[in-house]
Amino acid sequence: MIYQRNIERIEELVKTQNEWRMSTINLIASENVMSKRARGVMGSDFCHRYAEGHPGERYYQGTEIIDEIEARVKQHLKSLFDCKHLDVRPISGTVANDAVFSRYIKPGDIVMVNSTSGGGHISHHRHGSVGKYSSNIINFPLTADGYHIDVKETINILQKVPVKVMIMGKSLYLFPDPVKELAPICRENGIVLIYDAAHVLGLIAGKRFQNPLREGAQVVNASTHKTFFGSQRGIIFSNMKDSDWAKIDKGAFPGSSSNHHLDTLVSLAITTFEYMVFGEAYAEQVIRNAKALAAALEARGFNVEAKEFGYTESHQVAVNVKELGGGDEVSRVLKDNNIILNMNLLPFDPLGKVSNPSGIRIGVQEMTRFGMQEREMEMIADFMKHCLMDGKFVGDDVKDFRKDYQVIWYSFDEDFISLENSQQLRSSHVEA
Ligand code: DSN
């Protein structure tokens, strides 16, 4: 009986999570939601199965059907990212990073990365994946605003320091990194330029952010569930020579995983088709929303970062909330009001401030998927002002507001949008 009650408790918690999250404004920049159709194929027999190796070259029998799905998703992702090689087997963005870093970073190599307070991801650092292979990690110098790599100063450093690997892309990511500016010097000096596109993959696929491969990165690693609204997985892609790609192929399998979680792969196949149709309209609206929310917050007295650069060119907005009690307190107060986001170090925050940094990081990609536009960004800014500056409880108002945003846009879910509607949506964005 006790076991039965334990099982029921878990089922009840899952139900509570499902209902609660649909009644909140989720602004976590690394999350998103899948369409009903992408989510609906999860939980099939594939969640029990193994498929090591590549389609048609497996180490198990009984893989014919996943072989077709995997071959299709690879083919479609390759066309979306216009690349020669692509691997869908990493089971997360960090696993994708590790598959690549393990092949390119040798003990003692000097690796140049975005600092943690400058937005760099934990896997690029000493305690993460890079640190497993080398402890010689140096940070890109930043310009005075803290949100851009200082290209001139980086070139000065490269003339004096024998950097072997450069990793661009980050987690607090407002503006593109200078790939095209630094790729030529990397090529001249044999520096491998790796781009971590975890946060901005959907914006790249939607053609609204820099295209790192086209700008000169040798390889791109990413997760598939932030701005790219798929299941939680990782990918790697490149236009490198076949012989170089063979190293990465082994980094993915057997280097960093064996089976690759087929259940989530089938959802990614559906998301990829959604992205091919709706990706450009979605990415466009995401960036419009981020800019609109930043401006609305600033207008209500918040200290929004990077104002002189138009706040953001991505899905994210960074706000300095030191005067409001710091990132920890502010993010807790917001959560108690059903607005969910995370505290974040801001550029030049000391690393010791990691448990109460100066900032919060906001991502608008999930609320955009639920159909929110500029008008709704004004309302979110109002909620944030009322609870953080006027000391009001807005949790019930947030729940009421959220009732109108339950359907997932930019998808083929039958209760929302037809292909024709989406094309109209897309052309209205192009015309606007
Ligand atoms: N740490 C995650 C983020 O929120 O950016 C990415 O892995």
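Residues numbered from 1 in each chain as written. Predicted model: local features only at pLDDT ≥ 70, side-chain atom pairs only at ≥ 80, totals over all residues. Heavy atoms only, no water.

From N to C terminus, the protein includes 16 helices and 15 strands. Scaling as 2.2 N^0.38, a compact globule of 432 residues should have a C-alpha radius of gyration of about 22 Å, and the protein matches this with 22 Å. Considered along the principal axes of its C-alpha atoms, the protein spans approximately 60 × 55 × 55 Å. Among the 432 residues that make up the protein, the fraction classed as buried is 56%. Sequence-distant contacts in the protein: of pairs separated by 6 or more residues, those separated by 24 or more amount to 75%. Of the roughly 18700 Å² of accessible surface on the protein, 52% is carried by carbon and sulfur atoms. Each charge class in the protein was averaged separately, 49 positive and 55 negative side chains, and the resulting centres sit 4 Å apart. (Helix = DSSP H or I, 4+ residues; strand = E, 2+ residues; numbered from the N terminus. Rg over C-alpha atoms; globule rule 2.2 N^0.38 Å. Buried < 20%, exposed > 50% of the residue type's maximum accessible area, 1.4 Å probe, protein only. Contact = heavy atoms within 4.5 Å. Areas by Shrake-Rupley, 256 points an atom, 1.4 Å probe, with all protein chains shown as cover. Lys, Arg positive; Asp, Glu negative; His and termini not counted. Charge placed at Lys NZ, Arg CZ, Asp CG, Glu CD.)

Turning to the site of the ligand, a few remarks are in order. Taken together, Ser30, His121, Ser171, His199, Lys226 and Arg361 make up the full set of residues adjacent to the ligand. Within the contact set of the ligand, an oxygen atom lies 3.0 Å away from a side-chain nitrogen or oxygen of Ser30. Note that an oxygen atom of the ligand is positioned 2.7 Å from one of the side-chain N or O atoms of Arg361. Contact with the protein chains hides 64% of the accessible area of the ligand, taken as 230 Å² for the molecule alone. Residue composition of the shell around the ligand, by class: no nonpolar, four polar and two charged. (Near = heavy atom within 4 Å. Polar contact = N/O pair within 3.5 Å; in protein donor to acceptor, adjacent residues only side chain to side chain. Nonpolar A, V, L, I, M, F, W, Y, C, P; charged D, E, K, R; others polar.)

Read across the sheet, four strands follow the order E11-E12-E15-E14 without closing on themselves; strand pairing throughout is antiparallel. What marks the edges here is a single partner per strand, and that holds for strand E11 (303-304) and strand E14 (342-344). Inspection of the sheet shows E11 paired to strand E12 (residues 316-320) by two bridges, in the antiparallel sense. Counted as the bridge partner of Val304 is Val319 from E12. Those strands touched by helix H11 (residues 262-299) are E11, E12 and strand E15 (359-363), and its axis lies near 20° from that of E12. (Pairing = 2+ DSSP bridges. Axes fitted to C-alpha atoms, helices over the stretch in contact; angles between N-to-C directions.)

So, on to the environment of Ser231. Note on placement: Ser231 falls in the loop between strand E9 (219-223) and strand E10 (234-238). For the pair Ser231 and Met42, spaced 189 residues apart in sequence, the C-alpha separation works out to 9.5 Å. If we skip the residues at most four places from it in the chain, Ser231 touches Met34, Thr224, His225, Thr264, Ser267, Leu268 and Thr271. Within the structure, Ser231 has its side chain in polar contact with the backbone oxygen of Thr264 (distance 2.7 Å).

A word on the sheet that holds strand E8 (residues 192-196). On the basis of which strands lie adjacent, the open sheet formed by seven strands has the order E4-E10-E9-E8-E7-E5-E6 and mixed pairing. In this open sheet, the two edge strands, each paired with only one partner strand, are strand E4 (85-87) and strand E6 (137-139). On average, each strand axis in the sheet is inclined to that of its neighbour by 20°, with strand direction left out of account. For E4 and E10, the ladder comprises three bridges, and the chain directions are antiparallel. In the sheet register, Asp87 faces E10, and the bridge partner there is Ile236. Sitting on the sheet, helix H7 (residues 179-189) is in contact with strand E7 (163-168) and E8, with an inclination near 155° to E8.

Our next topic: the pattern of salt bridges. Under the defined criterion, the tally for this structure stands at 27 salt bridges. Put simply, Glu31 and Arg21 hold a salt bridge, and the shortest N to O gap is 3.7 Å. Here Arg21 lies in helix H1 (residues 2-21) and Glu31 lies in the loop between strand E1 (25-26) and helix H2 (36-40), a separation of 10 residues in the sequence. Under the relative-accessibility criterion, Arg21 is labelled partly exposed at 23%. Residue Glu280 is joined to Lys207 by a salt bridge in which the shortest nitrogen-to-oxygen separation is 3.6 Å. Here Glu280 is found in helix H11, whereas its partner Lys207 is found in the loop between helix H8 (201-205) and helix H9 (212-215), with 73 residues between them in sequence. Given a relative accessible area of 33%, Glu280 falls into the partly exposed group. Put simply, Arg208, Glu284, Arg288 and Glu374 are held in one network by salt bridges that share partners. (Salt bridge = Lys/Arg side-chain N within 4 Å of Asp/Glu carboxyl O.)

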